[in-house]
Structure formats: structure tokens, C-alpha cells
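For reference, the chains in residue letters:
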Amino acid sequence: MSKAFYLKMAWENLRKNKKIYVPFILTSIFTTMMLYMIIALANNSGMQNMLGGSNMVMMLNFGIVVVELFIVIFLFYTNSFLLKRRKKEFGLYSVLGMEKKHLARVIFYELLFCLVISLSCGLALGMLFDKLMFLIIVKMLETEVPLGFSISVHALIQTVQYISFVYVAMFVYALVQVSLANPIELLHSEAQAEKEPKAKWFITLLGILFLGAGYAISLTITNPIIAMVLFFVAVICVIIGTYLLFTSGSISLLKGLEKNRRYYYRTNHFLSISNMKFRMKQNAVSLANICILSTMVLVMLSTTLSLWTGMMDLTNQMIENDYTGSVTYSDFEDLPVIESAVGQFMEQEGFQPGRAKNYNGLELTMAPDGEENYRIDFSENASYYTILTQQEYNKLTDVPLDLTENEVMIAPQRGPMYDKDTIEIEGKDYRAVAGEGSAIPNANQQMINNAYVLVVAGEQQLHDMYDGALQDMKQQYPDYKLMYKYYVNIGEDNKDLDEQALAEKLDGLIQSAAAQAGMAEHSIELVRVNSKKTLLYEFRTLYAGFLFIGLFLSILFIMAMILIMYYKQISEGYEDVRRYDIMKKVGLDEKQIKKTINTQVLTVFFLPLIVAGIHICFAFPIISKLLKLLSLSNNMLFVWTTIGCFTVFSLLYILIYFVTAKAYYKIVSTKP
């Protein structure tokens, strides 16, 4: 037989099986397009040269690895489904005289057609949308780049090589399947009776243990650093547990209901449980895939959108006004010199004194020891304390304090309220008063530990804490310096100044004033000026990368879900044609048959969404800890964002159901 014969036969096979091959080819085109775009973006010279582009390139390179891994797994999964659906067809060819080498040639040309279509259409669309994606990133970063159209040769070569490699691997897999197949078994594969699924209690118990372990890690971890280390362990445990419970746990549950005679021997229950056992046996892996993909989409969208929407709030917490200056110094008696130099700096730069807020204090990291005495501590359990006198605090708030010598006010900036009446700090007891800490900008917002404002009655109490902390610290770290900190927050809407130049000028004025006042050498440790605009842009460049990759991968995973759902509906449709006929022959009326099948289809279809929702609820504690590493501690923002994402995703899920269900009902309504 000539080469043209096999080419024509392969093309006719694709055309006759278009119901299952068209979605596969569309998916292959889409994944090719996505791979080209993300490689082209990661290697775009404009991306690498723009301000903040390095963070985006880092995220895009991570995305390339994820996309390539996803493509090989997903295309293999869909190709194996196609081979399974065509077993009878291959068996018929074998009976009619085609040898296995002839079948291999047909499969080769079928995959070659799919590869050529995927590369030509996918690369064309990738080149078309590559510039659009780049402009979206430029918009997210709020920067400007020259416009122009270019084709990334590197992305073109890498995409062709990788997609071709995947197709070669699929062809090798198909060869193995064909060589091991028996022609007679292939011909009668669809007519073989299904075996009764068995309950595997050990695997079910193993699934519960894996899932419980993943949930336990999320619920018990309190430290963000440990959460980052164990997050992927928890993810792997949940994935394994999900697959085991879908494949075995569901059968064990149905078997358990089957043993309950009072429940099982009712018409509706009898039919539903009997059919559901076989339905779950056939679709368990697909349902687990849908569940895992749904969970991944929800996690990516809720976290990245929370970071993006909370960006401005986070910046405002760290820098209240447009600029903040800080001076770290060692001797409290030098404060008037520093205040005078700061006033001179503001006058020279034209800053308005009425729009400036300044305060002076002490910053310590402390944790309670075994006797509940709060002492200097640098462990993972320590919290950050900004310690002010009530005179400094009252300048910044509308609700003034009136503390006695033995009282302190403790207010959380990030973390739980202090719920005790007394507190011991460096060996001295105080009566604790609850208060409000939001008036003080949280300079430690980027740190992962809890942060508090601690207000004392006067300067003497502040010095006592300084002396106690210094003595305590010298015992642990003899060379460590304990410093006071002076902050000034400046509001200037119409100024766009170089913060580095401002810091150098302020430092020069302070050092000059210190020299004139005869201050000790090196008493001024550090002078810094930060602008809200720069800080916001730093967050924007980081979070834009997370958001773009989150949206990019979510689109990819949703596309995979749609295809899995579509193939699941098709395979269920062909199986339910036979079930429909059997139930009709045993005497059930049409209305009862439709009710039974529809109930099962809906239960099976929406089970992954329900389980994904449960996964998200249990994942919330560990994800909120991870968000702390990225400076986001607003848990309510994360809660509402997650609820919003789940609601929108559920509506999309329902829409996908109605779209894919058309293929199912079209098959079921066909007379066998």
C-alpha cells in the first residue's frame, strides 16, 4: 500500500472521529500558543530592560516550567483517552488484514496532522497575542516602552522542539499500546461486561490519612517560614489523598450504603447506588483531575488577586504620607539636635511643617520567656514592638492617653490582641491597657512576625526599658547596639523627588549638626528617606508578576478542565446509552430512568467542585501564613476575595456543565 493511502486513511479517521479529535486539536493549538507567548515574554528585551521587569521575568521563567510540565501530562492524558475510545476501530482494522506496523503508520500520520495543525495555528496565534500580553504587563507595571512588532526566534525554536518532543513521546506510547493489544479483544472491548467494583478499605484508609495529614499541616502551622517549607508537602498529601478517595473511597462509601438494607432496598436508592458504583469506577480519575485543577485555579486567583487589591492598603500602612524619613541614633539626649536638623531640612526642601507627623521611640523584638517575662528575643516566635511615650503617641491620635507610671498601652498592628491585665517587661510588672495602634505607621509590615505598639507613661519608663533591654542584650550579644529611632512622615502631593538624594541631604545636615553640638562619633547610625510612590512601585512590580502568572495558568487549567469534562460527558454518554436500554428492558418507565440518570450525572459532575471548596477552606490557614511572607496580613481581604473567586468560578463551572452536557444528551438520546 502506498504512502498516499495511509495519509488519506489518517485524514479520514480524523474527520470521522471529529467529535473527539477537534477538542484535542484545539487544546493542542491553545497550549502551543500559551507556551510560545510565555517563552517570548520571558525573553523579551523590553521586559528585561524596563523598571521592575526583573521580577516579572523571574515569574515568567517559573511559569515556563509549569506550562511545559502541564503540556506533557495533559496531552498524554487526552491522547490516551482517544486511543481508548478507538480500540474497537483498531480491532476492526486488524481483523480486516492490517498488520500492527500498518496501524502504526496510520497513527503516525494522524499525530503528524495534529502536530502540523497545532504548530501552524498555535504559533500564528501566539505571535498575534504575544504583543497584547506584553502591553498588558506594561499596563500593570504602569511604565512605557516603544511599540513595534517582533517575532521571538528563541521562543519559536523552543516551542517547536518541545511540542514535537511531546508528540513523538505520544507516538511511542501509542506504538506500545498497539503492539501489546490483541485484535479480538480490541474488537469486543466495548461489548465486555463491566466487573463489579470492589471496596478497597486499605486504600480508602490511606486516602483519609494522606488527606488528614495535608489538612493537619495547614491547621497546625503557625510560623510563616515553616509554612513555606511544609506547604508543598501538604499539597502533595492532599493530591494523593484526593486521588485515593475518588478512586477507592467513593466505592467504599457506596458499598457501605449497599450493606444498609433499609436504605439500599428502595427503588430510587437501589438504582442510584448500583449505577453510581460503575460510574465512579469509570470516572474517578477524571473527577479527581477536575477537583485538583479547580483547587489550583481557586488558590492562584484568590491569592494573586488579594495581593494586587491589597497593594495600596499595604503601602499606606507602611508609609502614611508621601515621604517618611527615619534617623537611628544611640543617645536620647541627642534628640533635640536631630529634630532641629530635620526642621532645617524641611524648610530647605519646601516641605510644609503642618503636613508632617513625627515621633520618637524605641523598637525591640521581644517574646515571653518560661516565666512570661517579655525579654529581648530574636527567635521565630518574637514580635516587633514600637515603644513610645504617651506624649509622642498623643501627638498622632485623636484619643489621648493618660497612663500612670505602672501602666502601658498595648495595641496590635498585626497579630492578636493582648488579652491579659498585666505584663512583665524586662523584669518589671505593668498594668496592661488595650488601645488603638493604627495611628502609628507599621514600619515592620514587611516582616512576617506580629507587630505591636507599646506606649509607656513617660521618658523615664522608656529609658528603663532601654536600659533593661540593653543589659539583657549585652549578655547574649556583647557587640550589639541598641538604638532609638526618630520618624518623620511628610505629606507633599505635588513633589516627585529622588529619595536617595533626599536621604543624602538629610544625613549631611544631621551629621553637620551633630558635629557642631559635639555629639559622640557614630552616634547617628543610619538616615533613610522612603517615598510612598517608590514603595508602591516595588510592590506593583512584584505583585504584577504573581497576578499575571496566576491568571495565565488559571486560563490554562480551566481549558484543561473543560476538555476533561467534555471527554467525561462523551464517555458517560456512550455508557448510559446501554444503561438506559437495560433499565428500559427490566420495566422502568422513561421518566424514572431519566430522573435516575440525571441525578447521578449531576452528583458526579458537581462533586469535584464541592471537594475543591472543602480543600480551599482547609488550605486557608497555611495560605494566609504564606501571604504574610509577601507582606499581606489582611486576612479579611483574603477571605472575601476567596469567596468572590469561588462564586465566579462556580458560575463558570455551571456554564461549562450546560455546554458539555449537550454532547452527553445528544448521545444518550440516540437509539441504540
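One numbering rule holds for all chains: residues counted from 1, following each sequence as written. Local features in a predicted model are, by the rule used here, given only for residues with pLDDT of at least 70; side-chain atom pairs are given and counted only at 80 or more, and totals for whole chains, interfaces and linings are based on all residues. Just so you know, side-chain values use all the structure's heavy atoms and leave hydrogens and water out.

> Now, about unusual backbone geometry: what can you tell me, with residues and values included?
Its identity as a non-glycine residue notwithstanding, E426 has a phi of 50°, on the positive side. To qualify as a helix, a DSSP run of H or I must reach at least 4 residues; to qualify as a strand, a run of E must reach at least 2; elements of each kind are numbered from the N terminus. Here E426 is to be found in the loop between β6 (422-425) and β7 (428-434). Given the relative accessible area of 19%, E426 is considered buried. Relative accessibility thresholds used throughout: buried, under 20% of the residue-type maximum; exposed, over 50%; partly exposed, between the two (1.4 Å probe, protein chains only).

> Any details on the pattern of salt bridges? Residues and values, ideally.
Take a side-chain nitrogen of Lys or Arg and a carboxyl oxygen of Asp or Glu: if they are within 4 Å of each other, that pair is a salt bridge. Scanning all chains against the criterion turns up six salt bridges. One salt bridge connects R431 with E407, and the closest N-O pair in it is separated by 2.1 Å. With R431 in strand β7 and E407 in strand β5 (residues 407-414), the pair connects residues that are 24 residues apart, well separated along the chain. When its relative accessible area of 44% is taken as the criterion, R431 is described as partly exposed.

> Give a detailed account of the pairing of strand β4 (residues 383-389), specifying residues and quantitative values.
Along β4, seven of the seven residues are buried, which leaves the element largely enclosed by surrounding structure. Of the two faces of β4, the one holding S383, Y385, I387 and T389 and the one holding Y384, T386 and L388 are both buried throughout. By the convention used here, strands pair only if DSSP detects at least 2 bridges between them. Sheet analysis places β4 next to strand β8 (residues 451-456), joined by six bridges and oriented parallel. Note on β8: the bridge partner recorded for L388 is V455.

> Tell me about the layout of surface pockets, and name the residues and values.
Throughout, the protein atoms alone are placed on a 1 Å grid, and a set of points is a cavity if a 1.4 Å probe fits but cannot get out or a pocket if it is open with protein on both sides within 12 Å along at least five of seven lines; lining residues have an atom within 4 Å of a point. Grid points are joined across faces, edges and corners, and a volume is the space filled by probe spheres set on the points. One number sums up the size of the largest pocket: a volume of about 1700 Å³. In this structure, the largest pocket is lined by 46 residues; those nearest its centre are F231, F232, V235, M296 and M300. Per-element tally for the lining of the largest pocket: the top contributor is helix α12 (residues 267-309), with 10 residues. Residue polarity is assigned by list, with Asp, Glu, Lys and Arg as charged and Ala, Val, Leu, Ile, Met, Phe, Trp, Tyr, Cys and Pro as nonpolar; anything else, Gly included, falls into the polar class. Looking at the lining of the largest pocket residue by residue, the classes come out as 38 nonpolar, eight polar and no charged.

> Any details on helix α2 (residues 18-42)? Residues and values, ideally.
A rise of 1.5 Å per residue sets the reference length of α2, with its 25 residues, at 36 Å; its end C-alpha atoms lie 35 Å apart and thus fit the reference within 8%. Most of α2 is tucked away: 20 of the 25 residues are buried. What a helix should span is 1.5 Å times the count of its residues minus one.

> Could you give me a rundown of the pairing of strand β1 (residues 323-329), with the residues and numbers involved?
In terms of burial, β1 is a largely internal element, seven of the seven residues being buried. Alternating positions in β1 separate into two faces, Y323, G325, V327 and Y329 on one and T324, S326 and T328 on the other, with burial throughout. As paired elements, β1 and strand β9 (residues 484-490) share seven bridges and run antiparallel to each other. Following the sheet pairing, T328 is matched in β9 by K485. Bridging between β1 and strand β10 (residues 524-531) involves seven bridges; their strand directions are antiparallel. Counterpart to Y323 in the pairing with β10 is S531.

> Tell me about the packing of aromatic side chains, and please be specific about residues and values.
The pairing test for Phe, Tyr and Trp rings, Trp by its six-membered ring, is centres within 6.5 Å, and the orientation test on the planes gives stacked under 30 degrees, edge-to-face over 60, and tilted for anything in between. Counted according to the given criterion, the structure contains 25 aromatic pairs. On the basis of an interplanar angle of 20° and a centroid distance of 5.6 Å, the ring pair of F539 and Y543 is categorised as stacked. Here Y543 and F539 lie together in helix α18 (residues 532-585), a separation of four residues that amounts to about one turn. Residue classification places F539 among the buried residues on the basis of a relative accessible area of 4%. Centroid distance F606 to Y653: 5.7 Å. Interplanar angle 50°. Geometry classified as tilted. Pair noted here: F606 is in helix α19 (residues 590-629) and Y653 is in helix α20 (residues 635-668), with a separation of 47 residues, a long-range link. Grouping residues by exposure puts F606 and Y653 together as buried. Linked through ring pairs, F606, F649, Y653, Y657 and F658 together constitute an aromatic cluster.

> Now, about the environment of I549: what can you tell me, with residues and values included?
With respect to the helices and strands, I549 occurs in helix α18. For I549, a relative accessible area of 4% gives the class buried. Sequence separation of I549 and G63 is 486 residues, and the distance between their C-alpha atoms is 6.4 Å. Every residue pair with non-hydrogen atoms within 4.5 Å of one another is taken to be in contact. Contact partners of I549, with chain neighbours within four places excluded, come to I38, M59, L60 and G63.

> Please set out helix α6 (residues 100-141) residue by residue, giving values where relevant.
In this scheme, the bend at a residue equals the angle between the axes fitted to the seven residues that finish there and the seven that begin there. The axis of α6 is deflected most strongly, by about 35°, at F129. Two residues or fewer past α6, E142 is found with a positive phi of approximately 55°.

> Lay out the packing of helix α14 (residues 335-349) against helix α17 (residues 499-516) with the relevant residues and their values.
For helices, the axis comes from a line fit to the C-alpha atoms of the stretch in contact; other axes are also lines fit to C-alpha atoms, and the angle between any two N-to-C directions lies between 0 and 180 degrees. Between α14 and α17, whose axes approach to 9 Å, the crossing angle comes to 135°. If you check the angle between α14 and α17, you find them oblique. The hand of the α14/α17 crossing is right-handed. Along the contact surface, α14 presents V337, A341, V342, Q344, F345, Q348 and E349, while α17 presents L502, K505, L506, L509, I510, A513 and A514. When the residues that make up the contact of α14 with α17 are grouped by side-chain class, the tally is 10 nonpolar, two polar and two charged. Each angle gets one of four labels, with under 35 degrees taken as roughly parallel, over 145 as roughly antiparallel, 65 to 115 as roughly perpendicular, and the rest as oblique. Crossings are classed by handedness, with left-handed meaning an anticlockwise turn of the near helix from the far one by less than a right angle and right-handed meaning a clockwise turn.

Read these as layout, nothing more, since geometry by itself doesn't imply function.
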